[in-house]
Amino acid sequence: MLSRAFPVFAGMIGLALASGSPLQGQIRASERGQVSQTVDGTTIKLDYARPRARGRDSVFGGEVKWGEVWTPGANYATTLELDKDVQINGHAVPKGKYSVWMTVRADSDWTVIFDTTAKLYHTERPAEHPWQIRFAVRPERRPPLEVLTWWFPEIRPDGAILAMQWGDRYVPLNVTVTPSHPITIAANLARQYVGKYDFAWVPDSATAASDTTSHSSTADSSNAKAPPPTSFEVVFDQGSLWGIWDPAPWPGMEKVLLIRAADDLFFPTMMKDGQIYDTLADLAVEFKVANGRASGFEVRIENDDLIATATRKP
Amino acid sequence: MYNDSSRREFVFLCSGAILALATGFRRRTRQPASCHYHIRHVVHPEPRPGITAARVLPKEKLTDHPDAISAFEQVRQIPQIVDGIGCHCGCATRAGFYSLLSCYEGDGMAMMCEVCQGQGRLAFRLHQAGKTLDQIRAGIDARYG
């Protein structure tokens with residue numbers, strides 16, 4: 001049978017080559033797609049082929065058979081790439097690249113499998129082995145989706161939901177990233193910063209006069225006036241360092257979490273409903289510490305321009 | 001109160017942009033298209049033996065970017081330090097890039113990149129404070145990584 005079919009097949013290939021048809025531009029049955037998301041410095045990347053349901057009523061239990069180990073994609077297995085260690089549904093997943101598989105079942109949990117061999121064809125289903133990461137997930141029923149899709153429907157300060165849907169089955173995976181900086185600080189370290197400070201924004205003219213790293217002044221800098229000074233209190237509360245402005249320079253900045261990036265270097269962080277909302281990493285708060293006690297601090301923006309100074313109140 | 005708009009406005013305020021319009025505070029420079037903004041992990045290169053600041057752009061080439069002049073002047077004073085620093089803005093993918101010093105040479109992309117300027121100025125401040133190259137690298141990674 002094969003020997004008889006070969007000349008026909010070879011002839012078709014020959015015709016295609018002879019006609020110079022642009023094979024590279026052909027539409028694939030399952031086009032390749034990518035999706036990636038960065039959360040607090042961790043990048044989560046999915047690469048997968050995207051099969052279409054093409055009118056099939058039941059993708060699962062039909063095209064994908066119940067009990068089958070299936071890659072949620074097509075052709076070459078879907079890959080998950082992580083540039084830092086994460087947790088997915090509470091399971092540790094070290095940084096690296098994995099092929100992604102799911103054992104699909106009609107009426108019970110599915111099993112998600114991350115295999116350390118990333119380059120596998122969809123028919124090369126990996127056998128179970130100890131260095132695989134396997135855990136159960138409960139698929140949800142949703143209105144059908146024609147094209148198999150991976151996306152990030154939810155992003156949090158500490159992670160994201162990575163979801164897959166094809167047909168009416170939706171599988172959410174809860175990814176938790178490793179925090180780039182801890183929000184807590186040891187009490188003995190925090191103590192050196194705690195206190196009340198006179199806080200003042202630095203006008204251009206003042207900067208030029210006092211900052212040895214000063215920049216060229218703008219033409220009208222002689223008219224520059226600083227906004228009114230304000231009070232800034234650093235407190236240690238619930239294991240974290242906080243800055244309290246009075247008055248606040250902007251709504252929502254009355255109380256900011258100070259996240260320690262290095263010795264004496266902090267980033268102010270806005271909070272909402274007790275959760276981190278936004279870390280202002282383009283505002284560096286640099287404390288000046290001598291003999292275990294901060295005498296003040298500077299605030300510098302991205303280009304290291306000095307925009308505010310604070311001096312500890314007597 | 002906590003929407004992205006107010007956040008952006010706040011950062012803008014802090015960076016002096018709004019104040020620049022109102023009271024003559026300086027304005028921020030624009031990021032160049034090649035500046036990808038905060039690459040977290042960089043490999044710091046070893047400074048090339050005998051490296052000098054001969055190719056760092058002079059003040060005369062920076063007339064359109066006066067705010068960047070001080071960064072170029074500071075980098076010019078410590079080429080052997082800046083040549084040992086990787087750049088966190090993503091410009092390391094550019095042809096001919098070796099170190100942060102490269103950002104201040106050639107087309108001088110640092111004149112439009114606040115991350116490049118900030119790293120140069122911070123390197124200068126830390127060097128002035130007596131920090132070693134490794135300590136300067138650590139300081140830059142903590143701030144821009």
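The model shown is predicted, which means the values in this text are computed figures rather than measured ones.

Cut-off values and rules
- In this numbering scheme, every chain counts its residues from 1 along its sequence in written order.
- Chains carry letters and ligands carry numbers; both start at the beginning, A for chains and 1 for ligands, and go up in the order they are written.
- Under the rules for a predicted model, residues below a pLDDT of 70 receive no local features and side-chain atom pairs below 80 are neither given nor counted, while totals for whole chains, interfaces and linings still include all residues.
- As a convention, hydrogens and water are excluded, and side-chain values are obtained from all of the structure's heavy atoms.
- Every helix listed is a DSSP run of H or I at least four residues long, and every strand listed is a run of E at least two residues long, numbered separately from the N terminus.
- Take the residue count of a helix, subtract one, and multiply by 1.5 Å to get its expected span.
- When accessible area is computed with a 1.4 Å probe and restricted to protein chains, residues below 20% of their type maximum are described as buried, those above 50% as exposed, and intermediate ones as partly exposed.
- We define the nonpolar core as a collection of buried residues of types Ala, Val, Leu, Ile, Met, Phe, Trp, Tyr and Cys that are connected through side-chain atoms lying within 4.5 Å of one another.
- Any two residues whose heavy atoms approach within 4.5 Å are treated as being in contact.
- Think of a salt bridge as a Lys or Arg side-chain nitrogen and an Asp or Glu carboxyl oxygen that are within 4 Å of each other.
- Two strands qualify as a pair provided DSSP detects at least 2 bridges between them.
- Simply put, an axis is a line fit to the C-alpha atoms, just over the touching stretch for a helix, and the angle between two N-to-C directions goes from 0 to 180 degrees.
- Each pair of aromatic rings taken from Phe, Tyr and Trp, with Trp reduced to its six-membered ring, is defined by centres within 6.5 Å and is described as stacked if the planes are under 30 degrees apart, edge-to-face if over 60, and tilted in the remaining cases.

Caption draft 1: Spatial organisation of helix α5 (residues 114–128) of chain B. All names here are of chain B. Between its terminal C-alpha atoms α5 stretches 21 Å, which fits the 21 Å expected from 15 residues at 1.5 Å a residue. Counting buried residues along α5, 13 of its 15 residues qualify, which places the element largely inside the surrounding structure. Positive phi shows up at Gly-130, right after α5, with a value of about 90°.

Caption draft 2: Fine view of the nonpolar core. Phe-114, Trp-150 and Leu-173 of chain A are the most contacted members of the largest nonpolar core, which totals 36 residues. The dominant element in this core, judged by the number of residues it contributes, is strand β11 (residues 159–177) of chain A, at 8 residues. Phe-114 of chain A has contacts with Leu-80, Ile-88, Val-93, Tyr-98, Ser-99, Val-100, Gln-132, Ile-133, Phe-135 and Leu-173 of chain A, leaving out every residue within four places of it along the chain. Formed by 35 residues, the second largest nonpolar core is a distinct cluster that contains Ala-71, Cys-91, Phe-97 and Ala-110 of chain B.

Caption draft 3: View of the pattern of salt bridges. Enumeration according to the criterion identifies 25 salt bridges over all chains in this entry. Between Glu-286 of chain A and Arg-125 of chain B there is a salt bridge, with its nearest N and O atoms 2.8 Å apart. Linking Glu-286 of chain A in strand β18 (residues 284–290) with Arg-125 of chain B in helix α5, this pair reaches from one chain into another. Exposure remark for Arg-125 of chain B: the relative accessible area of 17% places this residue in the buried category. A salt bridge links Arg-300 of chain A to Asp-304 of chain A; the nearest nitrogen and oxygen atoms lie 3.8 Å apart. The two residues Arg-300 of chain A and Asp-304 of chain A agree in class, both being buried. Each member of the salt-bridge network shares a partner with another, and the members are Glu-286, Lys-288, Glu-298, Arg-300 and Asp-304 of chain A together with Arg-125 and Arg-143 of chain B.

Caption draft 4: Seen up close, the environment of Val-137 of chain A. Residues and elements named next belong to chain A. Within the secondary structure, Val-137 sits in strand β9 (residues 133–137). It is 24 Å that separates the C-alpha atoms of Val-137 and Lys-119, two residues lying 18 residues apart in sequence. When residues no more than four places from it in sequence are discounted, the contact partners of Val-137 are Asn-89, Asp-109, Trp-110, Val-112, Val-171 and Leu-173.

Caption draft 5: Expanded view of the pairing of strand β8 (residues 110–115) of chain A. All names here are of chain A. A large share of β8 lies buried, amounting to 6 of its 6 residues. What you see with β8 is no split at all: Trp-110, Val-112 and Phe-114 on one side and Thr-111, Ile-113 and Asp-115 on the other are buried throughout. The pairing of strand β7 (residues 96–103) with β8 spans 5 bridges and is antiparallel. The residue bridging Trp-101 from the neighbouring strand is Ile-113, located in β8. Where β7 folds back on β8, the antiparallel hairpin that results is connected by 6 residues. When β8 meets β9, the two strands line up antiparallel, connected through 5 bridges. Its bridge partner being in β9, Thr-111 is matched across the sheet by Ala-136.

Caption draft 6: Seen up close, the sheet that holds strand β5 (residues 86–88) of chain A. All names here are of chain A. Strand order in the open sheet formed by 4 strands is β6-β5-β11-β10, with antiparallel pairing between adjacent strands. Looking at which strands have only one partner, the edges of the open sheet turn out to be β6 (91–93) and β10 (140–156). Adjacent strand axes in the sheet meet at a mean angle of 30° when their direction is disregarded.

Caption draft 7: Examining the packing of aromatic side chains more closely. All names here are of chain A. For the structure shown, the criterion picks out 22 aromatic pairs over all chains. On the basis of an interplanar angle of 50° and a centroid distance of 4.7 Å, the ring pair of Tyr-193 and Phe-287 is categorised as tilted. Of this pair, Tyr-193 sits in the loop between α2 (187–190) and β12 (195–201) while Phe-287 sits in strand β18; the two residues are 94 residues apart in sequence, bridging distant segments of the chain. We classify Phe-287 as buried; its relative accessible area is 6%.

Caption draft 8: Quick peek at unusual backbone geometry. Residues and elements named next belong to chain A. Residue Pro-247 is reached from Asp-246 by a cis peptide bond, and omega for that bond is -5°. By the secondary structure assignment, Pro-247 is in the loop between β14 (240–246) and β15 (255–262). Look at Asn-89: it is not a glycine, yet its phi comes out positive at around 50°. Residue position: Asn-89 is located in the loop between β5 and β6. Look at Asn-291: it is not a glycine, yet its phi comes out positive at around 55°. Of note, Asn-291 is situated in the loop between β18 and β19 (293–300). A relative accessible area of 84% places Asn-291 in the exposed class.

Caption draft 9: Highlighting helix α3 (residues 69–77) of chain B. Residues of α3 of chain B that are buried: Ile-69, Ser-70, Ala-71, Phe-72, Gln-74 and Val-75 of chain B. On its buried face, α3 of chain B sits against α4 (79–82) and α5 of chain B.

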